[in-house]
Amino acid sequence: MPKTLAFAAASPTSPLAMMPIPRREPGAGDVEIEITHCGVCHSDLHFARNEWGMSAYPCVPGHEIIGRITRVGAGVSRFKPGDTVGVGCLVGSCRTCGPCREHLENYCEGGNTFTYNAPDKHGTAPMTFGGYSTSMVVTQDFVLRVDARLDPARAAPLLCAGITTYSPLRHWGVGPGQRVGVVGLGGLGHMGVKLARAMGAEVVLFTTSPGKAEDARRLGAHQVVISRDETQMAAQAGSLHFILNTVAASHDLNPFMNALRLNGTMCLVGAPEHPHPPLQVFPVIFKRRSLAGSLIGGLRETQEMLDFCAAKGIGADIELIPMQKINEAYERMLRSDVKYRFVIDMASLKRELK
Ligand code: NAP
Ligand code: ZN
Ligand code: ZN
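Residues numbered from 1 in each chain as written. Chains lettered and ligands numbered in written order. Predicted model: local features only at pLDDT ≥ 70, side-chain atom pairs only at ≥ 80, totals over all residues. Heavy atoms only, no water.

> Any chance you could explain the nonpolar core here in plain terms?
If you look at soluble globular proteins, the nonpolar side chains tend to sit buried side by side. Core analysis: the largest hydrophobic core is formed by 89 residues, its most contacted members being Tyr132, Leu169, Leu195, Ile326 and Tyr330. The greatest single-element share of this core, amounting to six residues, is contributed by helix H10 (residues 299–312). Not counting the four nearest positions on each side in its chain, Leu169 is found in contact with Val174, Val180, Gly192, Leu195, Ala196, Met199, Phe242 and Leu244. In this structure, Val204, Ile243, Val247 and Met257 belong to the second largest nonpolar core, which totals 16 residues. (Core = buried A, V, L, I, M, F, W, Y, C linked by side-chain atoms within 4.5 Å. Buried < 20%, exposed > 50% of the residue type's maximum accessible area, 1.4 Å probe, protein only. Helix = DSSP H or I, 4+ residues; strand = E, 2+ residues; numbered from the N terminus. Contact = heavy atoms within 4.5 Å.)

Dropping the structure here:
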């Protein structure tokens, strides 16, 4: 079995630490990937600390994976050794249910396999292990092509933060002539700002961090609103066609719902540990507003998003860290002290193998 080193949480309260893990030998339809970069998503922290109450241990997070193909199975047609590729939040799905047939593997009803913390259908380990590791083996159908124009480190966050924001922006038809709000300037939010701007919308960024205003404008926001300032929030009332809410903590949704126009929608992608305070019904009824949610994206749309980013020159704004700094990175992410995504340079972990 290939030798793979990973960083894992052994329990909800233990810091991540080095651990060897098993990876399967590539089967006929599989590719083996030497991981070069892995983004650090807030979901990794939610899982490592069991904040959603569904974690299994040991837990190896990481679903913003970029790497190089080292081996391919006999039946692999789409990739060859040396190719730069990506893996996101999914490594399998039933492929036969309605959503799968519509390329919406993210909404698979027959049981999809998340990249980490999901029952491992190959039986290599009880649960799947993610990208905080030196290598992985994935069926070719869940592997994405990464255009040479994309910088691999800046492309890693596209595999979750990119697709999670791209998919709802596309689904709700964001484009020219629309005023679009993005709530929270973190990993997801900063991609939401870049993508909504690239799609031609007028972008309003809502933040709790006044110090991020200048960055938000540089990233593409036309306007910045400090969401804890009631006067600034009231000035937005009834003005937005669509809001993408990426906030990772429980907060009052009502001032944002109030900022929607007639028929406007706020889509939640942030998935906090604790519920949001109750929603007021009358403001929703009186302007036929909608509250929605969205989960990552399917494989076809993820490829479309990567190609869109390559064509438009879009990558994440990142801080490259060695694997050994992951626990510190989690604490900084909790303080919103990251501009705007940590990406692990996996060469740092490979050095431990020598
Ligand atoms: P992140 O980098 O930590 O960004 C979250 C942002 O939320 C922060 O930068 C901050 O922005 C804002 N925020 C934090 N605490 C807040 C509070 N108490 N009140 C208001 N705003 C607050 O996290 P991320 O990686 O972007 O992930 C965001 C959320 O999306 C997480 O819950 C994650 O699990 C979830 N997620 C969902 C999907 C999906 O498919 N739906 C996919 C990936 C991630 P400001 O400083 O600008 O206020
Ligand atoms: Zn994620
Ligand atoms: Zn399915």
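Now that the structure has been shown, the text picks up again.
> Whenever I open this one, the coordination of the zinc ion (ligand 3) confuses me. Can you help?
Six octahedral donors around a metal ideally make angles of 90 or 180 degrees; four tetrahedral donors ideally make 109.5 degrees. Within the first shell, the zinc ion (ligand 3) binds the protein through Cys94 (SG), Cys97 (SG), Cys100 (SG) and Cys108 (SG), at distances of 2.3 to 2.4 Å. By relative accessible area, Cys94 is classed as partly exposed at 25%. Residue class for Cys100 comes out buried when judged on its relative accessible area of 7%. (Donors = N, O, S within 2.8 Å, 3.2 Å for Na, K, Ca; no water.)

> How should I be thinking about the packing of helix H4 (residues 161–171) against H10 in this particular structure?
Helix packing for two helices is described by the angle between their axes and how far apart those axes are. At a minimum axis separation of 10 Å, H4 and H10 run at an interaxial angle of 100°. Taken together, the axes of H4 and H10 are roughly perpendicular relative to one another. Here H4 contributes Gly162, Ile163, Tyr166, Ser167 and Arg170 to the contact with H10, which in turn contributes Glu301, Thr302, Glu304, Met305 and Phe308. A breakdown of the residues in the contact of H4 with H10 according to their chemical character gives four nonpolar, three polar and three charged. (Axes fitted to C-alpha atoms, helices over the stretch in contact; angles between N-to-C directions. Parallel < 35°, antiparallel > 145°, perpendicular 65-115°, else oblique. Nonpolar A, V, L, I, M, F, W, Y, C, P; charged D, E, K, R; others polar.)

> Explain the domain arrangement of the protein here, please?
Interfaces are often sized by the accessible area lost when the parts come together. Here the protein is partitioned into domain 1 (3–160 + 297–353) and domain 2 (165–293). Between the C-alpha centres of domain 1 and domain 2 the distance comes to 27 Å. Around 1,900 Å² of area is buried between domain 1 and domain 2 when both sides are counted, 58% of it from carbon and sulfur atoms. By the criterion of area lost to domain 2, the three top residues of domain 1 are Phe308, Asp317 and Tyr340, representing 33% of everything that side buries. Summed over the shared surface of domain 1 and domain 2, the result is four salt bridges. For the salt bridge of Glu304 with Arg170, the shortest nitrogen-to-oxygen distance reads 3.8 Å. Viewed at the interface, domain 2 and domain 1 are joined by nine residue pairs in polar contact (both at pLDDT 80 or more). Among the elements of the structure, helix H1 (42–48) and H10 are those that each provide at least two residues to the side of domain 1 that touches domain 2. Top contributing element to the side of domain 1 that touches domain 2 by residue count: H10, with six residues. Split into classes, the residues belonging to the side of domain 1 that touches domain 2 amount to eight nonpolar, five polar and eight charged. (Domains from an automatic or database assignment. Buried area = accessible area lost by both parts, 1.4 Å probe. Salt bridge = Lys/Arg side-chain N within 4 Å of Asp/Glu carboxyl O. Polar contact = N/O pair within 3.5 Å; in protein donor to acceptor, adjacent residues only side chain to side chain.)

> Looking at this model, I keep getting lost on the packing of H4 against helix H5 (residues 187–198). Mind explaining?
Where H4 contacts H5, the axes come no closer than 8 Å and their chain directions differ by 50°. When the axes of H4 and H5 are compared, the pair comes out oblique. The two elements H4 and H5 cross, and the hand of that crossing is right-handed. Residue-level inspection shows Ala161, Gly162, Thr164, Thr165, Tyr166 and Leu169 of H4 in contact with H5, the latter providing Gly187, Leu188, Met191, Gly192, Leu195 and Ala196. Taken together, the residues of the contact of H4 with H5 break down into seven nonpolar, five polar and no charged. (Left-handed = near helix turned anticlockwise from the far one by under 90°.)

> Explain the packing of aromatic side chains here, please?
The relative placement of two aromatic rings is captured by the distance of their centres and the angle of their planes. A complete count under the given rule lists six aromatic pairs for this structure. Centroid distance Phe47 to Tyr116: 5.3 Å. Interplanar angle 85°. Geometry classified as edge-to-face. Linking Phe47 in helix H1 with Tyr116 in the loop between strand S7 (113–114) and strand S8 (135–139), this pair joins segments that are 69 residues apart in sequence. The burial state of Phe47 is the same as that of Tyr116; both residues are buried. Between the aromatic rings of Trp172 and Phe242, the centroid separation amounts to 5.5 Å while the plane-to-plane angle is 25°, which identifies the pairing as stacked. Highlighted residues: Trp172 in the loop between H4 and strand S10 (179–183) and Phe242 in strand S13 (residues 240–245), separated in sequence by 70 residues. By relative accessible area, which is 27% here, Trp172 ends up partly exposed. Overall, Phe242 belongs to the buried group, its relative accessible area being 2%. Taken together, the ring pairs connect Phe47, Trp52 and Tyr116 into an aromatic cluster. (Phe/Tyr/Trp six-rings, centres within 6.5 Å; stacked < 30°, edge-to-face > 60°.)

> Honestly, the environment of Leu195 in this entry has me stumped. Any pointers?
Tracing the sequence through the fold places Leu195 in helix H5. Taking the C-alpha atoms as reference points, Leu195 and Gly315, separated by 120 residues in sequence, lie 10.0 Å from one another. Setting aside residues no more than four positions away along its own chain, Leu195 makes contact with Gly162, Thr165, Tyr166, Leu169, Phe308, Cys309 and Ile314.

> Any chance you could explain the site of ligand 1 here in plain terms?
Taken together, 30 residues lie around ligand 1, and Thr207, Thr208, Ser209, Lys212 and Arg341 are the ones closest in. Within the side chain of Ser43, one N or O atom sits 2.8 Å away from an oxygen atom of ligand 1. One of the side-chain N or O atoms of Thr208 is found 2.6 Å from an oxygen atom in ligand 1. For ligand 1, the protein covers 90% of the area, taking 920 Å² as the surface of the free molecule. Sorting the residues of the shell around ligand 1 by element identifies H1 and H5 as the ones contributing at least two each. Its residues placed into classes, the shell around ligand 1 shows 13 nonpolar, 14 polar and three charged. Here the shell around ligand 1 spans two domains, and each of domain 1 (3–160 + 297–353) and domain 2 (165–293) adds at least three residues to it. (Near = heavy atom within 4 Å. Areas by Shrake-Rupley, 256 points an atom, 1.4 Å probe, with all protein chains shown as cover.)

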